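This is what each chain is made of:
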Amino acid sequence: MSEPTLSALATLFTLTGRAALVTGGARGIGAAITARFAEAGADVALLDSDGEAAQATAQAIATRTGRRVMAMVADVADLPSLRATIEAAATLYGRLDICVANAGIYPFAAALAVDEAIWDRTQDVTLKGAFFTSQAAARQMMTHGQGGRILMIGSTSSTRPSGNLAHYDAAKAGVRMLARSLALEWARYGITVNVIAPGEIDTPGTRANAVDIVQADGATLVDMHDPAFLARIPMGRLGTADDVARAAVFLVSDAASYITGATLSVDGGILLT
Ligand code: NDP
């Protein structure tokens with residue numbers, strides 16, 4: 001596929017020649033990020049626990065964009081498998097420039113119903129997974145010696161409780177601080193570490209949890225598209241996975257060369273209320 005001629009401004013946003021890895025990339029926000037990265041010119045390894053979905057998503061994006069998009073199967077909470085997969089991706093592409101720690105789970109449960117298994121699994125996937133994904137990626141970036149971009153998908157719930165997600169809100173608050181700590185430690189290696197904090201985004205995950213989401217504050221709504229639910233969002237609509245992916249392209253591109261340790265809200269204004 002021939003490269004288009006880019007203006008000077010557009011070259012700041014291109015990812016041509018970069019190798020990226022996205023966890024939880026088979027669907028939802030991770031799939032949208034994978035698609036936009038490939039469209040921007042990157043080769044992308046899409047890591048997910050659901051191998052069949054990962055394969056289907058990778059193939060569809062590769063066909064559409066002409067980029068190398070590889071499906072890789074791993075559970076981000078399983079460290080040997082996570083590390084081996086990230087190493088394999090870097091070997092495959094000969095480098096790793098961009099890593100997005102996106103995989104996360106949000107099993108709704110009132111605080112009194114949270115048992116140790118729910119607590120541990122939420123932390124293991126959402127917080128521990130983000131740390132060890134970043135660590136394995138940073139090792140590859142440091143070996144290559146040309147810096148890199150790490151992006152974590154946090155949540156507005158790191159600062160504003162969701163309701164019936166205390167275990168998740170705490171994990172996402174951890175992700176936000178984790179990014180700041182790693183940003184400070186790895187700045188000298190030319191590695192930036194940032195967070196996107198999405199608000200209410202329409203994904204397979206939120207669709208499956210829609211009733212819990214809209215009733216978290218005791219309301220009797222049944223649908224995320226209910227006007228009463230949308231009225232809580234200043235921009236009056238749910239976000240799309242692509243709203244998040246657009247911000248992700250910016251934060252991993254040269255346009256964001258001097259940004260590190262930052263959290264960018266992509267929430268239609270929810271945190272303003
Ligand atoms: P989805 O549930 O729609 O998709 C998540 C993907 O990640 C799935 O393919 C899932 O696979 C995969 N995954 C889950 N657990 C693991 C794991 N342990 N290892 C590898 N892959 C895994 O999620 P969303 O797109 O909605 O959310 C993505 C991220 O964005 C999460 O971190 C979430 O917390 C965050 N977020 C989402 C918001 C929203 O409104 N959607 C708002 C704020 C933050 P499988 O199908 O096998 O579970």
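Report follows, based on the coordinates.

What counts and how
- Residues numbered from 1 in each chain as written.
- Predicted model: local features only at pLDDT ≥ 70, side-chain atom pairs only at ≥ 80, totals over all residues.
- Heavy atoms only, no water.
- Helix = DSSP H or I, 4+ residues; strand = E, 2+ residues; numbered from the N terminus.
- Rg over C-alpha atoms; globule rule 2.2 N^0.38 Å.
- Contact = heavy atoms within 4.5 Å.
- Lys, Arg positive; Asp, Glu negative; His and termini not counted.
- Charge placed at Lys NZ, Arg CZ, Asp CG, Glu CD.
- Near = heavy atom within 4 Å.
- Areas by Shrake-Rupley, 256 points an atom, 1.4 Å probe, with all protein chains shown as cover.
- Nonpolar A, V, L, I, M, F, W, Y, C, P; charged D, E, K, R; others polar.
- Buried < 20%, exposed > 50% of the residue type's maximum accessible area, 1.4 Å probe, protein only.
- Pairing = 2+ DSSP bridges.
- Right-handed = clockwise from strand over helix to strand, strands pointing away.
- Core = buried A, V, L, I, M, F, W, Y, C linked by side-chain atoms within 4.5 Å.
- Phe/Tyr/Trp six-rings, centres within 6.5 Å; stacked < 30°, edge-to-face > 60°.
- Axes fitted to C-alpha atoms, helices over the stretch in contact; angles between N-to-C directions.
- Salt bridge = Lys/Arg side-chain N within 4 Å of Asp/Glu carboxyl O.
- Patch = residues over 30% accessible without salt bridge, like charges linked within 9 Å, V, L, I, M, F, W, Y side chains within 5 Å.
- Parallel < 35°, antiparallel > 145°, perpendicular 65-115°, else oblique.
- Left-handed = near helix turned anticlockwise from the far one by under 90°.

Bringing the overall build of the protein chain into the picture now. For the protein chain, the count of helices and strands is 10 helices and 9 strands. Computed over the C-alpha atoms, the radius of gyration of the protein chain is 18 Å, within 12% of the 19 Å expected from 2.2 N^0.38 for a compact globule of 273 residues. Once the C-alpha set of the protein chain is aligned to its principal axes, its extents read approximately 55 × 40 × 35 Å. Taking contacts inside the protein chain between residues at least 6 apart in sequence as the whole, the part at least 24 apart equals 71%. Side-chain charges of the protein chain comprise 21 positive and 26 negative groups, with the mean position of each set lying 7 Å from the other.

So, about the site of the ligand. Within the structure, the ligand sits among 31 residues, and Asp 48, Asn 102, Tyr 106, Tyr 168 and Thr 203 are positioned closest to it. Contact with the protein chains covers 90% of the free accessible surface of the ligand, which is 900 Å². At 3 residues, the largest contribution of residues to the shell around the ligand is made by helix H7 (residues 204–208). The class makeup of the residues in the shell around the ligand is 13 nonpolar, 11 polar and 7 charged.

Time to look at the pairing of strand S1 (residues 19–23). Counting buried residues along S1, 5 of its 5 residues qualify, which places the element largely inside the surrounding structure. Here 5 bridges tie S1 to strand S2 (residues 43–48), and the two strands are oriented parallel to one another. Each residue of the ladder has a partner; that of Val 22, found in S2, is Leu 46. Crossover connection from S1 via helix H2 (residues 28–39) to parallel S2: handedness right-handed.

Within the secondary structure, Gln 123 is located in helix H5 (residues 116–144). Note on Gln 123: relative accessible area 12%, which makes it buried.

With 36 residues, the main nonpolar core has Leu 21, Ile 150, Met 152 and Val 193 as its most contacted residues. Put simply, the parts of the chain that give this core at least two residues each are S1, S2, helix H4 (79–93), strand S4 (98–101), H5, strand S5 (148–153), helix H6 (166–186) and strand S6 (191–198). The leading source of residues in this core is H5, at 7 residues. Apart from the residues lying within four places of it in its own chain, the contact partners of Leu 21 are Ala 45, Leu 47, Ile 86, Ala 89, Leu 96, Ile 98, Cys 99 and Val 100. If you look at the next biggest cluster of nonpolar residues, it comprises 34 residues, including Val 44, Ala 58, Ile 201 and Ala 247.

What follows deals with the packing of aromatic side chains. As enumerated under the stated definition, the model contains 3 aromatic pairs in all. Both rings, one in Phe 13 and one in Phe 250, keep their centres 6.5 Å apart while their planes meet at 35 degrees; by these two values the pair is tilted. Pair noted here: Phe 13 is in helix H1 (residues 8–13) and Phe 250 is in helix H10 (residues 241–252), with a separation of 237 residues, a long-range link. When its relative accessible area of 35% is taken as the criterion, Phe 13 is described as partly exposed. For the ring pair Tyr 106 and Tyr 168, a centre distance of 5.8 Å and an interplane angle of 70 degrees mean the geometry is edge-to-face.

Moving on to the sheet that holds strand S3 (residues 69–73). Taking strand neighbours across the sheet as the criterion, the 7 strands line up as S3-S2-S1-S4-S5-S6-S9 in an open arrangement whose pairing is parallel. Whereas interior strands pair on both sides, the edge strands pair on one side only; in this sheet they are S3 and strand S9 (263–266). Within this sheet the neighbouring strands show an average axis-to-axis angle of 20 degrees, counted without direction. Together, S1, S2 and S3 form the strand contacts of H4, whose direction differs from that of S3 by roughly 160 degrees. Each of S4, S5, S6 and S9 touches H10; the most contacted strand, S6, lies at about 165 degrees to it.

Attention now goes to the pattern of salt bridges. Inspection of every chain in the model, using the stated rule, returns 9 salt bridges. Linking Asp 242 and Arg 246 is a salt bridge whose minimum nitrogen-to-oxygen distance equals 2.8 Å. On the criterion of helical spacing, the pair formed by Asp 242 and Arg 246 is a turn pair, its members being 4 residues apart in helix H10. Assessed through its relative accessible area of 19%, Asp 242 is described here as buried. Given a relative accessible area of 53%, Arg 246 falls into the exposed group. A cluster of three or more residues bridged by salt bridges with shared partners is formed by Arg 36, Glu 39, Asp 242 and Arg 246.

A few words on a nonpolar patch on the surface. A surface patch of nonpolar side chains, about 270 Å² in accessible area, is lined by Leu 9, Leu 12 and Phe 13. Residue Leu 9 is classed as exposed on the basis of its relative accessible area, which comes to 58%.

Further remarks concern the packing of H2 against H10. Orientation of H2 relative to H10, taken along the N-to-C sense of each, is 50 degrees, at an axis distance of 8 Å. The angle between H2 and H10 falls in the class oblique. Crossing geometry of H2 relative to H10 is assigned as right-handed. Within the contact between the two elements, H2 uses Gly 28, Ile 29, Ala 32, Ile 33, Arg 36 and Phe 37 and H10 uses Ala 241, Asp 242, Val 244, Ala 245, Arg 246, Ala 248, Val 249 and Val 252. Considered class by class, the residues forming the contact of H2 with H10 number 10 nonpolar, 1 polar and 3 charged.

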